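# Report on the structure
So you can see what is in the structure, the chains are spelled out below.
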Amino acid sequence: MNLIFGHLDAATFAIRRIFKQPVHGVFNIAVFSLAITLPLTFYVFIEHISKYSGSLTASPQISIFLEKNIQQKRIAQIAKLLEKSPQISKYSFISKTEALAELEAQDDISELLSEMESNPLPDAFVVTPSSTDPQIISHIYEETKNLPGVESVRIDSEWISKLNIILKLSGIIVSIISILLAASVVTITFNTIRLQILTQQEEIEFSKLIGATNSFIRRPFLYFGAIQGFLGSQGAILLTTIFILLLNKGFQKLANFYDSELSLNTLDADQLILVVLLPVVLGWIGAWLSTTRHLKKLEYQ
Amino acid sequence: MIKLDQVSKSYNQDIPILKNISFSIQEGEMVFVTGHSGAGKTSLLKLIGVVEKPTSGAIFIKGQNITNINSDALPFLRRNFGLIFQDLKLLMDRDVFDNVALPLFISGFPRAQIPRRVRAALDKVGLLRKERSLPITLSGGEQQRLSIARAIINRPAILLADEPTANLDDAYEADILEILKDFNRVGVTVIIATHNIKMVKNMQLQNISLKNGELLK
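Now for a look at the structure at hand.

Chain B puts 29 residues into the contact, and the matching count from chain A is 19 residues. Here Arg94 of chain B and Glu203 of chain A are joined by a salt bridge, their closest N and O atoms 2.3 Å apart. Run the count over chain B and chain A and you get four residue pairs in polar contact (both at pLDDT 80 or more). Elements that contribute at least two residues to the side of chain B that touches chain A include exactly α2 (74-78) and α3 (96-106) of chain B. Across the side of chain B that touches chain A, the residue classes tally to 17 nonpolar, two polar and 10 charged.

Right under this line is the structure:
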């Protein structure tokens, strides 16, 4: 029971401390909020672009060019292999005669083709993968390029791979920024608590001398750090939501040009829990490090 | 109750503050520690009160060697002592009641009984009417009595008072000494550090006399 009262006292004390210096408290919480908002907004943006790229209707295509003198039997065998592959959603065969006819239909090069003695174009398969996942595209490429009768393979939509690489890189950047800002939240709390300790130094020293345990002394500061983290997270959620709404206005104008829908989602339940819990834990850690450092100076020696 | 065996203390290795101090104090005794300024009285009280560790030698409290006590047990050992500091160490941003209640909160005393216990202690030292006053508004004698109330609130086995009557006039001095004697009468071991020889002579109690960090008698 006393332990519960002890925690209630510590939490009350921490809240009083924040309101005792409201301007200072608001600035600290604002720093927390900004430190969390930046990676959070970036994360929401990257996550949404990632999902959006996965649902793009412009599926990448793979062209498999066959050897010039390939036999019809071999073409049928390759067609059978493509048919069986679960990674291929559809394929079509374009014979060299059809390809030539298509080219001849284009005015600008028909004259050039008519001067050639024979058809320079190969037979080809055009394959549509079942997914835009770069790994699947790469797998189809590797599987088909060494098939007997295949001259070369070309992936038409390398931009998808590039986009995925950019998204992965952005993910790494988000992680790095998050780690740096988490460290900054811990540092901010550490310093804030250090200043709090300095103002209560006499009380802490006296309490130690009359038998206060380290956990008794530490407790109000831990709550102070955690409450600051919690209030900071609320500010971050508010700011991130505002940023998302503002970005969506801009995206909507852009999307109208492509006759499509593009908007960022606000934070879901899992993300909200994480955004609230993480700053609380980081605030707690910062406060713990700061008080522990100070209490070490007061050890019996 | 308290036994010091060849205890020395130095902050700087070349300048010892206390040199090979040995003595015993029985349970329920009232003892003076005297000596001129800088003789080592405050350091001696800090060693007995487990505030500081001796450089060498051993200190026994109720038979337990406290010099190598582990950090987990230390706070609980310290709760056996009531400390009256020379500089009082009152919390100026808290009122009289909260100053006295602090040791009870620290020791986990039942909440419901705290007001009664605090008021009893304040009544004992004559400050009951000033429980909501801030220490800064009290006179020197009242501040001294407040620090006594805070020291005895946990009913300690040992009361250590460092110059409890310093800067007080004779009337206040007698008043403070009478309060300390009252606690001694109910079995509390009281150790008072003072440079006021006249007061020691009047009281006719055991006297541990220090000179330049050494025990005279």
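From this point on, the discussion continues.
Inspection of the secondary structure puts Asp95 of chain B in the loop between β6 (81-84) and α3. Side-chain polar atoms of Asp95 of chain B contact the backbone nitrogen of Phe97 of chain B, separated by 3.2 Å.

Take the sheet that holds strand β1 (residues 2-12) of chain B next. Residues and elements named next belong to chain B. With antiparallel pairing, the four strands of this open sheet are ordered in space as β2-β1-β4-β5. The open sheet is flanked by β2 (15-25) and β5 (64-65), the only strands paired with a single partner. Pairing geometry for β1 and strand β4 (residues 56-61), over five bridges, is antiparallel. For Ile2, the partnering residue across the bridge sits in β4 and is Ile61. Lying on the sheet, helix α1 (residues 41-48) is in contact with β1, β2 and β4; it crosses β2 at an angle near 60°.

The next point concerns α1 of chain B. Most of α1 of chain B is tucked away: six of the eight residues are buried. Within the span of α1 of chain B, buried status applies to Lys41, Ser43, Leu44, Leu45, Leu47 and Ile48 of chain B.

What follows covers the sheet that holds strand β2 (residues 88-94) of chain A. Residues and elements named next belong to chain A. Strand order in the open sheet formed by four strands is β2-β3-β1-β4, and the pairing between neighbours is antiparallel. At either margin of the open sheet sits one strand with a lone partner, and together these are β2 and β4 (150-155). Sheet twist, expressed as the average angle between the axes of neighbouring strands with direction ignored, equals 20°. With five bridges joining them, strand β1 (residues 62-66) and β4 adopt antiparallel strand pairing.

Further remarks concern the pairing of β2 of chain B. All names here are of chain B. As judged from the seven bridges shared by β1 and β2, these two strands associate in the antiparallel manner. Bridge pairing in β2 links Asn12 to Ile15. The antiparallel hairpin formed by β1 and β2 contains two residues in its connecting segment.

With that out of the way, let us pick up the nonpolar core. In terms of nonpolar packing, the biggest core is built from 54 residues, with Ile2, Leu4, Leu44, Ile48, Phe81 and Ile191 of chain B touching the most fellow members. In terms of residue count, helix α9 (residues 214-257) of chain A provides more of this core than any other element does, five residues in total. In terms of nonpolar packing, the next biggest core, distinct from the first, is built from 38 residues, Leu122, Leu127, Leu146 and Ala151 of chain B among them.

What follows deals with unusual backbone geometry. Residues and elements named next belong to chain B. Here Asn20, not a glycine, exhibits a phi torsion of approximately 45°, which is positive. Relative to the helices and strands, Asn20 is located in strand β2. Asn20 sits in the partly exposed class, given a relative accessible area of 47%. Phi angles above zero are rare outside glycine, and Lys62 is one such case at about 50°.

With that settled, the discussion passes to the pattern of salt bridges. Opposite charge on two side chains makes pairing possible when the charged atoms of those side chains draw close. Residues and elements named next belong to chain B. All told, the structure shown has 15 salt bridges over all chains when counted by the stated rule. Notably, a salt bridge pairs Lys124 with Asp182, separated by 3.5 Å at the nearest N-O pair. A residue pair is termed long-range when its members are at least 10 positions apart, and Lys124 in helix α4 (residues 114-124) and Asp182 in helix α6 (residues 170-185) qualify at 58 residues. On the accessibility criterion, Lys124 (41% relative accessible area) is partly exposed. A salt bridge links Glu178 to Arg185, with the shortest nitrogen-to-oxygen separation between them at 3.2 Å. Given the relative accessible area of 36%, Glu178 is considered partly exposed. Three or more residues joined by partner-sharing salt bridges are found here, namely Lys124, Glu178, Lys181, Asp182 and Arg185.

Turning next to the pairing of β6 of chain B. Residues and elements named next belong to chain B. Neither face of β6 is open: one carries Phe81 and Leu83, the other Gly82 and Ile84, and all of them are buried. Where β6 meets strand β7 (residues 158-162), four bridges bridge the pair, whose relative direction is parallel. By the bridge assignment for β7, Ile84 is matched with Ala161.

Looking now at the layout of surface pockets. Put simply, the largest pocket is a space of about 780 Å³. Around the largest pocket, the lining comprises 26 residues; the ones closest to its centre are Asp9, Phe13, Arg16 and Glu203 of chain A together with Arg94 of chain B. Elements supplying a minimum of two residues to the lining of the largest pocket: α1 (2-20), α8 (201-209) and α9 of chain A together with α3 of chain B. Here the lining of the largest pocket takes eight residues from α1 of chain A, the largest share from any one element. Taken together, the residues of the lining of the largest pocket break down into 11 nonpolar, four polar and 11 charged. Its volume calculated, the second largest pocket comes out at about 560 Å³. Listed by contribution, the elements that provide at least two residues to the lining of the second largest pocket are α8 of chain A together with β1, α1, β6 and β7 of chain B. Tallying contributions element by element places α8 of chain A first for the lining of the second largest pocket, with four residues. Among the residues forming the lining of the second largest pocket, the class breakdown is 11 nonpolar, three polar and 11 charged.

About the thresholds
- All residue numbers refer to positions counted from 1 along the written sequence of the respective chain.
- Key to labels: chains lettered from A, ligands numbered from 1, both in the order written.
- Local features are withheld for residues below a pLDDT of 70 in this predicted model, meaning they are given only at 70 or higher, and side-chain atom pairs are given and counted only at 80 or more; totals for whole chains, interfaces and linings count all residues.
- To get the side-chain values, all heavy atoms of the structure are used, and hydrogens and water are removed first.
- Throughout, a residue-residue contact means that at least one pair of heavy atoms, one from each residue, lies within 4.5 Å.
- Salt bridges are counted wherever a side-chain nitrogen of Lys or Arg sits within 4 Å of a carboxyl oxygen of Asp or Glu.
- Nitrogen and oxygen atoms within 3.5 Å of one another constitute a polar contact, given that in protein one can donate a hydrogen and the other can accept it, and given that sequence-neighbouring residues count only through two side-chain atoms.
- A helix here means a DSSP run of H or I that spans at least four residues, while a strand means a run of E at least two residues long, and both kinds are numbered starting from the N terminus.
- In the scheme used here, Gly and all other residues not listed as nonpolar or charged are polar, with Ala, Val, Leu, Ile, Met, Phe, Trp, Tyr, Cys and Pro taken as nonpolar and Asp, Glu, Lys and Arg as charged.
- When DSSP finds two or more bridges between two strands, those strands count as paired.
- Helix axes are fitted only over the stretch in contact, all axes being lines through C-alpha atoms; the angle between N-to-C directions runs from 0 to 180 degrees.
- Whether a residue is buried, partly exposed or exposed follows from its accessible area with a 1.4 Å probe, protein chains only, as a fraction of its type maximum: under 20%, in between, or over 50%, in that order.
- Here, nonpolar core refers to any group of buried Ala, Val, Leu, Ile, Met, Phe, Trp, Tyr and Cys residues whose side-chain atoms link them within 4.5 Å.
- Every definition here rests on a 1 Å grid over the protein atoms only: cavities are sets of points where a 1.4 Å probe fits but cannot get out, pockets are open sets enclosed by protein on both sides within 12 Å along at least five of seven lines, and lining residues have some atom within 4 Å of a point.
- Grid points are joined across faces, edges and corners, and a volume is the space filled by probe spheres set on the points.

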